[in-house]
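A look at the structure
So the chains spell out like this:
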Amino acid sequence: MKKIKLPLDKGRIKNLKAGEELLLSGLIYTARDQAHKKLVEAIKKGRKLPFALKNAIIYYCGPTPARKGRVIGSCGPTTSSRMDDFTPALLRCGLSAMIGKGSRDESVVGAIKKYKAVYFIAFSGCGAFASRFVKKRKLVAYPELGTEAIQALEVRDFPVIVGIDCYGRNILERKK
Amino acid sequence: MRQVNAKLIEDAVAALVVEANIVLRKDVLAKLSIAYKKERNRMAKKVLGILLENAKIAKNDKIPICQDTGFPVVFVELGQDVHIKGAELNVAINRGVLIGYKNGFLRKSIVSDPINRKALKYTPAIIHTELVRGRKVKVSVLPKGFGCENKAKIAMFNPTAKLSEIKDFIVDVVRGAGSDACPPYIVGVGIGGTQDYAALLAKKALLCPISRRAMVWQPIAKAIAKQSKLEADLLNRINKLNIGPMGLGGKNTCLAVNIQSYPTHIAGLPVAVNISCHALRSATKII
């Protein structure tokens, strides 16, 4: 399995193929429904974003609280399609990848191709398993959102599969 | 009249919500193990292997199987010779949910205001209470993840609809869920009653064991056989959709189809489908 050090620049994204299994190490940002709404509102109003989107990776995840002595609780991916309406705007601002579960709509596939980005799928419904790969975490923004707050996770060898590559090849498409 | 202290119910619920979220149901685990052994598609087999590993980690580390610790749905079968004292039943249940979720490090996933999405909380639970014969209280907790709840559908068929139309509808709901809701799925189906009752039956069907017949208590043998066949037919068709574990293909799209039915009106035929992800969680205690 290919090991990938983050951040992921556009040059390396070109070498990733749909269906390929990867192990990611580095920083990823959690963001789901409400955080997406806030991020896109901030972009529209020209406000400063809580983290730099250029070459960043967003993980659609709302973890459970950590037990004492642990970094994080259960932290698998949530359904990506709920973020479809917001994703093209984030890709336009330089976001390089998203990690989630399930299919994406045409507008997202189009934006992935246009901005040379990539969509990863993580093992879904495996939050306990996923927690083993998270080494550190830090609150970045929107603490009022609780589990939906944006957090920076430092992951080591976090397993993902390339779901949609920058050429628009989609391993989930034929299954829909 | 048997006196039951509400505190007993509160404590039971607090323990059940944690158990359900951390220990995968035995029947689900057994089906996943069989699916793992039988699966030939390399990627599908790998995914099923990770699902089994995930269940083991969850149990050993006392960490939820899934980060979506669900909307707590509580089913109570209350013996009519029981008198609950000390607190209202619903208050005791919600207190139990709150304590269990908090102490078990489960997630706050409920917004008090569905439109403005404000005030994130652990409660209220969805509570379905049924009066039954006897002196016992049976409490079942089913924390329902919303990735799969979002894929639920209901259709009001004409009374003259063919069985094939009903089957097509059920299969289409699963096709629509595709890879989004964590396959392999368990499909709960409610047939008959009213619109609301069919939806409840579909949810209740998920509480039934998936390792044997869902409606073993139904007294009419012929009806059981018919329903068994319908469940088997649907399972077979769904598993030909080639969605597979995580949506990567393979023959394990669905672990089981459970149907519950009820008499309905001459003018209609409600059919509800409630999909569960592979992490179908529930736990029961009889007090």
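Residues numbered from 1 in each chain as written. Chains lettered and ligands numbered in written order. Predicted model: local features only at pLDDT ≥ 70, side-chain atom pairs only at ≥ 80, totals over all residues. Heavy atoms only, no water.

1. Considerations on the nonpolar core
What counts, and what does not: In these notes, a set of buried Ala, Val, Leu, Ile, Met, Phe, Trp, Tyr and Cys residues joined through side-chain atoms within 4.5 Å is what counts as a nonpolar core. Classification of residues uses two cut-offs on accessible area relative to the type maximum, computed with a 1.4 Å probe and protein chains only: under 20% is buried, over 50% is exposed, and between them is partly exposed. Every residue pair with non-hydrogen atoms within 4.5 Å of one another is taken to be in contact.
Ranked by size, the top nonpolar core spans 123 residues in total, and within it I99, F120 and F158 of chain A together with V187 of chain B carry the most contacts. Among residues more than four places away in sequence, those in contact with V187 of chain B are I170, V174, L206, I238, C254, A256, V257, N258, V273 and N274 of chain B. Ranked by size, the runner-up nonpolar core spans 26 residues in total, among them V4, A92, Y122 and V137 of chain B.

2. Some points on the interface of chain A and chain B
Rule in force here: Counted as salt bridges are all cases of a side-chain nitrogen of Lys or Arg within 4 Å of a carboxyl oxygen of Asp or Glu. In protein, a polar contact requires one atom able to donate a hydrogen and another able to accept it; more generally it is a pair of N or O atoms within 3.5 Å, and residues adjacent in sequence count only if both atoms are side-chain atoms. For the purposes of this entry, the term helix denotes a DSSP run of H or I that reaches at least four residues, the term strand denotes a run of E that reaches at least two, and both are numbered from the N terminus. In this count, Pro and Cys sit with the nonpolar residues alongside Ala, Val, Leu, Ile, Met, Phe, Trp and Tyr, while Asp, Glu, Lys and Arg are called charged and the others, Gly among them, polar.
With 45 residues of chain A at the interface, the matching set in chain B holds 40 residues. Across the pair E21 of chain A and R42 of chain B runs a salt bridge, and its minimum N-O distance is 2.9 Å. Where chain A packs against chain B, one counts 19 residue pairs in polar contact (both at pLDDT 80 or more). For the side of chain A that touches chain B, the elements supplying multiple residues, two or more each, are β5 (118-122) and α5 (127-131) of chain A. In terms of residues, the side of chain A that touches chain B owes the most to one element, α5 of chain A, which gives 4 residues. In terms of residue class, the side of chain A that touches chain B is built from 17 nonpolar, 17 polar and 11 charged.

3. Description of helix α2 (residues 26-38) of chain B
To keep things clear, this is the line we draw: Helix span is expected to be 1.5 Å times the residue number reduced by one.
The end-to-end C-alpha distance of α2 of chain B is 18 Å, a good match for the 18 Å that 13 residues give at a rise of 1.5 Å each. Tucked inside the fold, the buried residues of α2 of chain B contact α3 (42-61) and β10 (254-264) of chain B.

4. Quick look at the sheet that holds strand β6 (residues 126-132) of chain B
Residue and element names in this part refer to chain B. Our working rule: For two strands to be treated as a pair, DSSP must find no fewer than two bridges joining them. To obtain each axis, a line is fitted to C-alpha atoms, and for helices this fit is confined to the stretch in contact; angles are then taken between N-to-C directions over 0 to 180 degrees.
Spatially, β6-β2-β7-β12 is the arrangement adopted by the 4 strands of the open sheet, whose pairing is mixed. Each of the sheet's edge strands pairs with one partner strand only, and the pair in question is β6 and β12 (283-286). With strand direction ignored, the average angle separating the axes of adjacent strands in the sheet is 15°. Helix-sheet contacts for helix α7 (residues 195-207) involve β2 (71-79), β6 and β7 (137-144), and the interaxial angle to β7 is about 100°.

5. Overview of the domain arrangement of chain B
All names here are of chain B. We count it as follows: Reported domain spans reflect what an automatic or database domain assignment gives. Here the quantity called buried area is the accessible surface, traced with a 1.4 Å probe, that two parts lose on coming together, added over both.
Under the domain assignment used here, chain B contains domain 1 (2-22 + 65-144) and domain 2 (146-279). Between domain 1 and domain 2 lies a buried interface of about 900 Å² when both sides are counted; carbon and sulfur atoms form 72% of it. Contact with domain 2 buries surface across domain 1, with F75, L142 and K144 losing the most and accounting together for 59% of the total. For the interface between domain 1 and domain 2, the tally reads 2 salt bridges. Across the salt bridge formed by E149 and K144, the nearest N and O atoms sit 2.8 Å from each other. For the interface between domain 1 and domain 2, the tally reads 5 residue pairs in polar contact (both at pLDDT 80 or more). Of all the secondary-structure elements, those providing two or more residues to the side of domain 1 that touches domain 2 are β2, β6 and β7. Looking at the side of domain 1 that touches domain 2 residue by residue, the class counts come to 5 nonpolar, 2 polar and 3 charged.

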